[in-house]
Amino acid sequence: MCRVSVVIPIFNARQTVIRAVESVLSQSASDIEVILVNDGSRDDSLALIKEFKAAHADENIVIIDQKNGGVSKARNAGMRVAKGEFVAFLDSDDAWLPDKLSKQLDILDEEPSLHLVGTTMNGEVFEKFFHKRFSRVTEITLKNLLFKNFFQPSTVIVRREVMSTVGFFDESQKYAEEGNYFMRIAFGHKCALLNESLLNFGDGKRGFGSSGLSANVKEMEKGELKNLRYAYRHLNIGPFLYGAAVAFSLLKYVRRVAIVGIKKS
């Protein structure tokens, strides 16, 4: 048993993975297990993390090597072997600020009813979203997540016990899979946002239209609409709220397409 298990999925990440791992080992919090899941990388990512582990034998680093199955399968593989009281996620092209975990753990220790805490990223601070006003720590409900996914995976820490009731990421969903998972957690569990930027997300890239899976804006929208249908069918979302969320999602999609088009031109 340890305090926090950090799951890092890796696919062709030789340029960034060591920076990600170092940002975990540099945390002011202690008693951390680092689980590196190589998801069939075709570059030398696996060799790099093996070399890093050998050079840091005093650190609690676990390496899983598996055939390529996608980010959800990689995260799930790490979650299944996690020994921590809490599980945190970090993508291999992201990096944490040094106090990220300690600030989240302080909140979770102070409020045992909380099951998940995320943060903001890349200097972002929320003041208001629709009629919701944000303080330093603000509860995020399932209803809120229908209109905006406030939880980028690399910002999130969750109590490991949640997996016993919610399960794992949907391995059949390639896009917006994190939105599905966090909606399922928010249905019956208390979640909150620490309104502090404690993540360097992809060296400051936008959350869509830049690189990786987020580059495919159309597929992202299909994934988001799939999440809303799931919430309507399985999470007690009424038809009016479902319709409003779908309409808002489509408006966001039009805006994203326009932004990507302007950037390309």
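Residues numbered from 1 in each chain as written. Predicted model: local features only at pLDDT ≥ 70, side-chain atom pairs only at ≥ 80, totals over all residues. Heavy atoms only, no water.

Caption draft 1: Spatial organisation of helix H1 (residues 17-25). Of the positions making up H1, those classed as buried are Val17, Ala20, Val21, Ser23 and Val24. Take H1 and look down its axis: the buried residues cluster within an arc of 155°, on one side only. Those residues of H1 hidden inside the fold are in contact with strand E1 (2-10), strand E2 (32-39), helix H2 (45-55) and strand E5 (95-96). (Buried < 20%, exposed > 50% of the residue type's maximum accessible area, 1.4 Å probe, protein only. Helix = DSSP H or I, 4+ residues; strand = E, 2+ residues; numbered from the N terminus. Arc of directions from axis to C-beta. Contact = heavy atoms within 4.5 Å.)

Caption draft 2: Fine view of the packing of H1 against H2. Direction vectors running N to C along H1 and H2 enclose 30°, while the axes themselves pass 10 Å from each other. When the interaxial angle is binned, H1 and H2 end up roughly parallel. Note that H1 runs across H2; the crossing there is right-handed. Residues Val17, Ile18, Val21, Glu22 and Leu25 of H1 touch H2, and the partners they reach there are Leu48, Ile49 and Phe52. (Axes fitted to C-alpha atoms, helices over the stretch in contact; angles between N-to-C directions. Parallel < 35°, antiparallel > 145°, perpendicular 65-115°, else oblique. Left-handed = near helix turned anticlockwise from the far one by under 90°.)

Caption draft 3: Quick look at the packing of aromatic side chains. Enumeration according to the criterion identifies 15 aromatic pairs in this entry. Seen in terms of ring centroids, Phe89 and Phe169 are 5.5 Å apart; in terms of plane orientation they differ by 85°. Their pairing is edge-to-face. Taken as a pair, Phe89 in strand E4 (residues 84-89) and Phe169 in the loop between helix H6 (163-166) and helix H7 (177-186) lie far apart in primary sequence, 80 residues in all. Using a relative accessible area of 1% as the deciding quantity, one classes Phe89 as buried. For Phe169, a relative accessible area of 3% gives the class buried. Measuring from centroid to centroid gives 6.4 Å for Phe169 and Phe182, while their planes differ by 75°, and the two rings are edge-to-face. Here Phe182 lies in helix H7 and Phe169 lies in the loop between H6 and H7, a separation of 13 residues in the sequence. Cluster of aromatic residues (ring-pair linked, three or more members): Phe126, Phe129, Phe130, Phe134, Phe147, Phe150 and Phe248. Directly above the aromatic system of Phe168 lies the positively charged group of Arg80, at a separation of 4.4 Å from the ring centroid. (Phe/Tyr/Trp six-rings, centres within 6.5 Å; stacked < 30°, edge-to-face > 60°. Lys NZ or Arg CZ within 6 Å of the ring centre and 35° of its normal.)

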